[in-house]
Amino acid sequence: MTQNRDPVLALRVNYFEDGEIFKIESMIDDSCKTLRNWTIEGRPDERTLQNWDTVIVRTADSTYRVRLGYDGSGRIEAVVTSE
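> Got a sec to walk through the pairing of strand S7 (residues 54-58)? Specific residues and values, please.
When you tally the buried positions in S7, you get four out of five residues, the bulk of the element. Relative to S7, strand S5 (residues 38-40) runs antiparallel, the two sharing three bridges. Pairing of tryptophan 38 across the sheet is with valine 57, part of S7. Of the strand pairs in this sheet, S7 and strand S8 (residues 63-70) are connected by five bridges, and their pairing is antiparallel. When the sheet's bridge partners are listed, valine 57 is paired in S8 with tyrosine 64. Following S7, the chain reverses through four residues before pairing antiparallel with S8.

What follows is the structure, encoded as structure tokens:
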């Protein structure tokens, strides 16, 4: 994911179509540091994302909200906003 064309966050995600869920396999920040702490908006104790859930990720410099979803068209979409 980029901000002003600069890489800020990378996620490796597995999508399971039968349950419409995502599982984050790994995540790194812009300095390639592994990020292990993130929360799902509205469900902070969960680790599995349902379709169109929003993940809140805090790096050393920023907080990002990543919304992942699959609409059935064969494409997974990610909407990223920063705070």
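Having seen the model, we can carry on.
> Lay out the pattern of salt bridges in plain terms, naming residues and giving numbers.
Going through the model one piece at a time under the given rule, you end up with five salt bridges. Measuring nitrogen to oxygen at the nearest pair gives 3.8 Å for the salt bridge that ties arginine 43 to glutamate 46. Residue arginine 43 is classed as partly exposed on the basis of its relative accessible area, which comes to 22%. Under the relative-accessibility criterion, glutamate 46 is labelled partly exposed at 38%. Close ionic contact of glutamate 83 with arginine 65 constitutes a salt bridge, the shortest N to O distance being 2.8 Å. Residue glutamate 83 is found in the segment after strand S9 (76-82), and its partner arginine 65 is found in strand S8; the two are separated by 18 residues along the sequence. Here glutamate 83 falls in the exposed class, since its relative accessible area comes to 60%. One salt-bridge network, in which partners are shared between bridges, spans Glu41, Arg65 and Glu83.

What counts, and where the lines are drawn
Residues numbered from 1 in each chain as written. Predicted model: local features only at pLDDT ≥ 70, side-chain atom pairs only at ≥ 80, totals over all residues. Heavy atoms only, no water. Buried < 20%, exposed > 50% of the residue type's maximum accessible area, 1.4 Å probe, protein only. Helix = DSSP H or I, 4+ residues; strand = E, 2+ residues; numbered from the N terminus. Pairing = 2+ DSSP bridges. Salt bridge = Lys/Arg side-chain N within 4 Å of Asp/Glu carboxyl O.

Shape is all these values report; function is a separate question.
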